[in-house]
Amino acid sequence: MSAVEPLFLRVLGEQAGLLDPELRAQLREGARPGGADGVFDVAGSRFRLLSALARPFVGPGLIITRFQRDVPFSMQEIPEPTPTGEQSLVTRREFRFAGGSQRVVDRIVATGRPGELRSALGERGRIEVLMLCSVTPEGRLRMRSHRVLARLGPARVPLAGPLGLRVDVEDGWDEALQCRTIDMRARSPLLGVVLEYRGRYRRTAAASRDFQ
């Protein structure tokens, strides 16, 4: 087992027992070297130009400038210590769009507060999202943002009001297809959904790129 293995279960506490049993088992198992392969039913941003304009600030590993359906993707989860010695889980997702691949990276750590995680987005981690974790009635892991911060040098500036962002993620298990499901939407008060991806995937011993 990896040192980061119990991250989600530890943060959920007693609620972890309400997770779908297969999902709970995979979260307990932790990151696997081979990662996962899947297909997003829909993925990307409908505000491609605005997204591109934000890239100089947020850096690589966050901005998506395409929007397509039936997008193959690969995912790797890597346990890594932070500079302060905390255990984190780094997730790298490669979106294989028809016009070229793009990626999204995040680093998740427990904050020490019940039910809360901190997700640093992008390779540089310049956007930080504080997420509250819970379990849906269907047994899915739900993560919802309650605060978003921009890192400006040593300072962390809250993004609220028209500059705010609401992030909702659900990670579940499809018993019929025997695969994981994911549904992520990031919403702006001004623009609506600015980034989304939803689909299904399977964890693999070695990335197959053949998910059907």
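So, here's what we can say about the structure. The structure presented is a predicted model; accordingly, all values stated were derived computationally and were not measured.

1. Observations concerning the overall build of the chain
No. 1: When its secondary structure is counted, the chain shows three helices and 11 strands.
No. 2: Each helix and strand of the chain, ordered N terminal to C terminal, gives the series α-α-β-α-β-β-β-β-β-β-β-β-β-β.
No. 3: By principal-axis analysis of the C-alpha atoms, the chain measures approximately 40 × 40 × 30 Å.
No. 4: Each of the 212 residues in the chain was classed as buried or not, and the buried ones make up 46%.
No. 5: Sequence separation of at least 24 residues holds for 49% of the intrachain contacts in the chain that already meet a minimum separation of 6.
No. 6: In the chain, 33 positive and 25 negative side-chain charges are present, and the distance between their average locations comes to 7 Å.

2. Notes on the pairing of strand β1 (residues 36-44)
No. 1: β1 sits mainly inside the fold: eight of its nine residues count as buried.
No. 2: Relative to strand β2 (residues 67-81), β1 is paired through eight bridges, and the arrangement is antiparallel. By the bridge assignment, G38 is partnered in β2 with F73.
No. 3: As paired elements, β1 and strand β11 (residues 192-203) share eight bridges and run antiparallel to each other. Opposite G38, over in β11, you have Y201 as the bridge partner.

3. Observations concerning the side chain of E196
No. 1: Within the secondary structure, E196 sits in strand β11.
No. 2: Here E196 falls in the buried class, since its relative accessible area comes to 6%.
No. 3: Contact partners of E196, with chain neighbours within four places excluded, come to V42, A43, G44, R46, F67, M184 and R185.

4. Description of the pattern of salt bridges
No. 1: Following the criterion strictly, the structure yields 18 salt bridges and no others.
No. 2: Taking the shortest distance from any N to any O, the salt bridge between R200 and D41 comes out at 3.1 Å. With R200 in strand β11 and D41 in strand β1, this pair connects stretches of sequence that are 159 residues apart.
No. 3: On the basis of relative accessible area, R200 is assigned to the partly exposed category, the value being 23%.
No. 4: Residue R113 is joined to E116 by a salt bridge in which the shortest nitrogen-to-oxygen separation is 2.6 Å.
No. 5: We classify E116 as buried; its relative accessible area is 4%.
No. 6: Salt bridges sharing partners connect three or more residues here, namely E138, R140, R142 and E170.

5. Some remarks on the nonpolar core
No. 1: Counting 46 residues, the largest nonpolar core has L19, F95, L117 and L141 as its most contacted members.
No. 2: Beyond its immediate stretch of four places on either side in the chain, L19 contacts L9, L12, R24, L27, V135, G139, R140 and L141.

6. Some words on unusual backbone geometry
No. 1: A positive phi angle, close to 55°, is found at D70, a residue other than glycine.
No. 2: Mapped onto the elements, D70 comes out in strand β2.

7. Some words on the environment of C133
No. 1: Structurally, the position occupied by C133 is in strand β6 (residues 127-135).
No. 2: Overall, C133 belongs to the buried group, its relative accessible area being 7%.
No. 3: Between the C-alpha atom of C133 and that of L117, which follows or precedes it by 16 residues, the distance is 7.5 Å.
No. 4: Setting aside anything within four residues of it in sequence, one finds C133 in contact with V11, L12, Q15, G115, L117, L141, R142 and M143.

8. Re the environment of Q15
No. 1: Examined against the element boundaries, Q15 turns out to sit in the loop between α1 (7-12) and α2 (21-29).
No. 2: For the pair Q15 and V90, spaced 75 residues apart in sequence, the C-alpha separation works out to 23 Å.
No. 3: With near-sequence residues (within four places) excluded, Q15 lies in contact with C133, S134 and V135.

9. Concerning the packing of aromatic side chains
No. 1: In this structure the tally under the stated criterion is six aromatic pairs.
No. 2: Aromatic side chains F40 and F73 sit 3.8 Å apart centroid to centroid with 10° between the ring planes, which places their arrangement in the stacked category. A residue pair is termed long-range when its members are at least 10 positions apart, and F40 in strand β1 and F73 in strand β2 qualify at 33 residues.
No. 3: By relative accessible area, which is 0% here, F40 ends up buried.
No. 4: Three or more aromatic residues link up through ring pairs in this structure, and these residues are F40, F73, F95, F97, Y197 and Y201.

Procedures and definitions
Residues numbered from 1 in each chain as written. Predicted model: local features only at pLDDT ≥ 70, side-chain atom pairs only at ≥ 80, totals over all residues. Heavy atoms only, no water. Helix = DSSP H or I, 4+ residues; strand = E, 2+ residues; numbered from the N terminus. Buried < 20%, exposed > 50% of the residue type's maximum accessible area, 1.4 Å probe, protein only. Contact = heavy atoms within 4.5 Å. Lys, Arg positive; Asp, Glu negative; His and termini not counted. Charge placed at Lys NZ, Arg CZ, Asp CG, Glu CD. Pairing = 2+ DSSP bridges. Salt bridge = Lys/Arg side-chain N within 4 Å of Asp/Glu carboxyl O. Core = buried A, V, L, I, M, F, W, Y, C linked by side-chain atoms within 4.5 Å. Phe/Tyr/Trp six-rings, centres within 6.5 Å; stacked < 30°, edge-to-face > 60°.

All quantities given are derived from atomic positions and should not be read as evidence of function.
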